[in-house]
Amino acid sequence: MSQPETEPTPTPLVLLHGVGQAPMAWEDVVVALYGSRRLLTPWVPGLRPTEKELVPLDQAAARLDTDLMLEGMRQVDLCGLSLGAMVATRLAADFPERVRRLVLIAGQVKPPKMAMKVQSGLMRMIPASRFADSGVSKDRLLRMLEAARDIDLTDALPRITVPTLVLVGSRDKANLPGARALADGISGAQLRVVAGAGHALNEEAPAELVSILEDFLG
């Protein structure tokens, strides 16, 4: 008597938050996808408030790869926003066997220094208590923004071979050029501009983002 065929287990999905966010920023996305696959929303290495030192991008990717291995995740679908997208880009380039599909939201290849300076200036004006309520350290974010000015992922893009979707909100003018550069630099990458959306798609347009993820990840 033949055994019934079993459905393949869906690939786990890892969601990486951006600067100024905590893992809870993915709450609406996680609730919508709950039960469909294993989900993980870790702190981006270097942004956890209790960490003492900043973590360079390549080390952040390596640490995340180790964490996924310890979680028993041999291969994942990876989605990152802003700095999380840059960590995801580096991980997909340095550890290609770990990533099945890649989604990059509001990412950059080389963050524009003037835009980063303006963002730092605006962040300095926000009371630290506003960040603390979300479990985010204002001082760490400011230091991370300073370090992010020197990020350059140009060398990583040609080494990414997995199916890649680049997303950016139509109102996120600062990141539109970066999104185009990512899509142009990664072989076969798709670029999608989400109409009417701003920077943080996971918080501003979670329902539309869930639909896009379900369609792309399969």
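Note that this is a predicted model, so its numbers are computed, not measured.

Participant: Let's hear about the overall build of the chain: which residues, and what values?
Facilitator: Regarding its fold elements, the chain presents nine helices and six strands. Residue pairs in contact within the chain that sit at least 24 positions apart in sequence constitute 76% of those at least 6 positions apart. Of the roughly 10,900 Å² of accessible surface on the chain, a fraction of 53% belongs to carbon and sulfur atoms.

Participant: So what about unusual backbone geometry? Which residues, and what values?
Facilitator: A positive phi is found at serine 82, a non-glycine position, where the angle reads about 60°. Within the secondary structure, serine 82 is located in the loop between β3 (76-81) and α3 (83-94). Residue classification places serine 82 among the buried residues on the basis of a relative accessible area of 14%. Backbone geometry at alanine 106 places phi at a positive 50°, although glycine is not the residue there.

Participant: So what's going on with the sheet that holds strand β2 (residues 39-40)? Which residues, and what values?
Facilitator: Sheets are built from strands paired through backbone hydrogen bonds, the pairs being either parallel or antiparallel. Pairing is parallel in the open sheet, where six strands are placed in the order β2-β1-β3-β4-β5-β6. The open sheet has two edge strands with one neighbour each: β2 and β6 (190-194). Pairing of strand β4 (residues 99-105) with strand β5 (residues 164-169), which is carried by four bridges, proceeds in the parallel orientation. Each residue of the ladder has a partner; that of isoleucine 105, found in β5, is leucine 167.

Participant: Tell me about the nonpolar core, residues and numbers included.
Facilitator: With 45 residues, the main nonpolar core has Val14, Leu16, Leu78, Leu83 and Leu102 as its most contacted residues. For this core, the secondary structure elements donating two or more residues are β1 (13-16), α2 (57-70), β3, α3, β4, α6 (138-148), β5 and α7 (176-185). Looking at this core element by element, the count peaks at eight residues for α3. Leave out the neighbours within four places in its chain, and leucine 102 touches Leu78, Ala88, Ala92, Ile160, Val162, Pro163, Thr164, Leu165 and Phe216. Counting residues in hydrophobic clusters, the runner-up holds 23 residues, among them Leu13, Leu81, Ile212 and Leu213.

Participant: Any chance you could break down the side chain of threonine 89 for me, citing the residues and the numbers?
Facilitator: Positionally, threonine 89 belongs in helix α3. You can call threonine 89 buried: its relative accessible area is 1%. Here the side chain of threonine 89 touches alanine 85 through a polar contact of 2.8 Å, landing on its backbone oxygen. Residues within four places of threonine 89 in sequence aside, it is in contact with Leu104, Leu153, Leu157, Ile160 and Leu182.

Participant: I'd love a proper account of the packing of aromatic side chains, names of residues and values included.
Facilitator: Summed over the entire model, instances satisfying the criterion amount to zero aromatic pairs. The ring of phenylalanine 216 is capped by arginine 101, whose NZ or CZ atom sits 5.2 Å from the centre of that ring.

Participant: Tell me about α2, and name the residues and values.
Facilitator: Each turn of an α-helix holds 3.6 residues, which means side chains three or four residues apart point in the same direction. Between its first and last C-alpha, α2 extends 20 Å over 14 residues, near the 20 Å set by a 1.5 Å rise per residue. Among all positions in α2, only Leu57, Ala60, Ala61, Leu64, Asp65 and Leu68 are buried. In a view along the axis of α2, the buried residues occupy a sector of 135°, so they form one face of it. Structurally, α2 contributes buried residues whose contacts are with β1, β2, β3 and α3. Downstream of α2 by a residue or two, glycine 72 has a phi angle that is positive, lying close to 80°.

The rules behind the values
Residues numbered from 1 in each chain as written. Predicted model: local features only at pLDDT ≥ 70, side-chain atom pairs only at ≥ 80, totals over all residues. Heavy atoms only, no water. Helix = DSSP H or I, 4+ residues; strand = E, 2+ residues; numbered from the N terminus. Contact = heavy atoms within 4.5 Å. Areas by Shrake-Rupley, 256 points an atom, 1.4 Å probe, with all protein chains shown as cover. Buried < 20%, exposed > 50% of the residue type's maximum accessible area, 1.4 Å probe, protein only. Pairing = 2+ DSSP bridges. Core = buried A, V, L, I, M, F, W, Y, C linked by side-chain atoms within 4.5 Å. Polar contact = N/O pair within 3.5 Å; in protein donor to acceptor, adjacent residues only side chain to side chain. Phe/Tyr/Trp six-rings, centres within 6.5 Å; stacked < 30°, edge-to-face > 60°. Lys NZ or Arg CZ within 6 Å of the ring centre and 35° of its normal. Expected span 1.5 Å × (residues − 1). Arc of directions from axis to C-beta.

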